[in-house]
Amino acid sequence: MADNSSSSKPLFSIPIPALGAHPGGAITATQPSPSVYLLTWVSPPDNRLTTPFLRALLAALDVIEFGGYAPGVVITTSGIPKFYSNGLDLEHAFATEGFWTLFYDVWRRFLTFPMPTIALLNGHTYAGGLMLSLAHDYRLAPAPRGFLCLNELLFGAPLKPAMAAIVRHKLTPQAYRTVALEARRFSGPQAVDIGLADAVVASGGGEDGVAEALAFIAERELLEKPKRGVYGTIKAEMYKGLIGEIAGAGLVAGEKRFDEDQKREADRREFGKVWYEQWAKDNKAKL
């Protein structure tokens, strides 16, 4: 049975095995206040979301849910001051069978987790890291340093159907447009203004940031929310449309539709080039 006394000592630690250029690290759970479980990840240099990282995160959530800990609140943050997460290792993601399903399974775990979850964004939160934070119930944005950004547009990566779904479900249409089609970098206050985050943590990460997160929990009375055992059920129903798009048959159908759309677009562009060449030839004398 887990010890639920308040303690800064680790409750447990889940290793993140090394992978290629990633040296590995760990996700460490502490209890900064009774029934508040802080998961701090350290995976140098910038907490890339690799297969070992995601499996370790799922394991950490399982320990909290099934390890005898009292219902409470889960906070995730980074032990690397500059980065909450810099997103995916794209080469690994596209080369590894099952990666995308695992990535979306982590989102679904947060979307249905039977306790409130808070992403304490202590530093830069980019791309896949921002998507992971969106799967949490709340986000606390950093200030004065640290940006939030969905920057796929800037490096030519399309939003896969599940990626588009989580941003679309969590933001207003206007905010979705700004985040996805402008790839803007948002400071903490700007993220709150657009609805990307719920509050600013002026002290960033570390112990002071945790103290501000605890104040946020107290203000929202979040420790009371999971005690009746229906918190996760309500979340699952609230997000049923999103969950249907990121898992199972819905995910398969979305990926198939996306691939077919991309093929049609490639055909349209090819036809357009042929049409233009003929048009230019026919109208050469007039130009």
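As recorded by an unreviewed UniProt entry, the chain carries the name Enoyl-CoA hydratase/isomerase and is attributed to Purpureocillium takamizusanense.

S.K.: How should the pattern of salt bridges be read in this particular structure?
M.R.: Pairing between side chains of opposite charge can happen when the charged atoms of each approach one another. On inspection of all chains with the given rule, the structure shows 14 salt bridges. One salt bridge in this structure joins Lys235 and Asp137, with 3.0 Å as the shortest N-O distance. Separated by 98 residues along the polypeptide, Lys235 in helix α9 (residues 231–238) and Asp137 in the loop between α4 (128–134) and β8 (138–142) bring together distant segments of the chain. For the pair formed by Lys235 and Asp137, the shared burial category is buried.

S.K.: So what exactly am I meant to see when it comes to the sheet that holds strand β9 (residues 148–149) here?
M.R.: Think of a sheet as strands paired side by side through backbone hydrogen bonds, with each pair either parallel or antiparallel. Pairing in this open sheet of 3 strands is parallel, and the strands run β5-β7-β9 from one edge to the other. Strands with a single pairing partner mark the edges of an open sheet, and in this sheet they are β5 (83–85) and β9. By the bridge criterion, 2 bridges tie β5 to strand β7 (residues 124–126) in an arrangement that is parallel. Bridge assignment links Phe83 to a residue of β7, and that residue is His124.

S.K.: Help me out: how do you make sense of the environment of Trp107 in this one?
M.R.: Within the element layout of this structure, Trp107 appears in helix α3 (residues 99–111). Judged by relative accessible area, which is 0%, Trp107 ranks as buried. Placed 113 residues apart in sequence, Trp107 and Arg220 show a C-alpha to C-alpha distance of 23 Å. Not counting chain neighbours up to four residues away, the residues in contact with Trp107 comprise Met131, Leu132, Ala135, Ala162, Met163, Ile166 and Ile246.

S.K.: How should the side chain of Ser78 be read in this particular structure?
M.R.: Locating Ser78 in the fold gives a position in strand β4 (residues 73–78). The class for Ser78 is buried, based on a relative accessible area of 7%. Within the structure, the side chain of Ser78 is placed 2.8 Å from the backbone nitrogen of Ile80, a separation counted as a polar contact. Not counting residues within four places of it along the chain, the set of residues in contact with Ser78 comprises Thr40, Trp41, Asn47, Phe83, Tyr84 and Asn122.

S.K.: Could you clarify how one ought to interpret α9 in this entry?
M.R.: Along an α-helix, a turn takes 3.6 residues, which lines up residues three or four apart on a common side. Three or more residues of α9 are buried, namely Tyr231, Gly232 and Lys235. For α9, the angular spread of buried residues about the axis comes to 90 degrees, placing them on one side. Facing away from the buried surface of α9 by more than 90 degrees, the exposed residues are Thr233, Ile234 and Glu237. Elements in contact with the buried residues of α9: α3, β6 (117–120) and β8.

Parameters at a glance
Numbering of residues begins from 1 in every chain and follows the order in which that chain's sequence is written. It should be noted that, the model being predicted, local features are given only for residues of pLDDT at least 70 and side-chain atom pairs only at 80 or more, the latter also being counted only at that level, while totals for whole chains, interfaces and linings use all residues. Side-chain descriptors were evaluated using all non-hydrogen atoms of the structure, hydrogens and water having been removed beforehand. One speaks of a salt bridge when a side-chain nitrogen belonging to Lys or Arg is within 4 Å of a carboxyl oxygen belonging to Asp or Glu. In this description a helix means any DSSP run of H or I spanning at least four residues, a strand means any run of E spanning at least two, and both kinds are numbered starting from the N terminus. Using a 1.4 Å probe on the protein chains alone, a residue whose accessible area is under 20% of its type maximum counts as buried, one over 50% counts as exposed, and one in between counts as partly exposed. Any two strands with at least two DSSP bridges between them are considered paired. Residue contacts are counted whenever heavy atoms from the two residues lie within 4.5 Å of one another. We define a polar contact as two N or O atoms separated by no more than 3.5 Å, with the added condition that, inside protein, one atom must be a possible hydrogen donor and the other a possible acceptor, whereas residues neighbouring each other in sequence contribute only through side-chain atom pairs. An arc is given here, and it is the one of the directions from the helix axis to the C-beta atoms.

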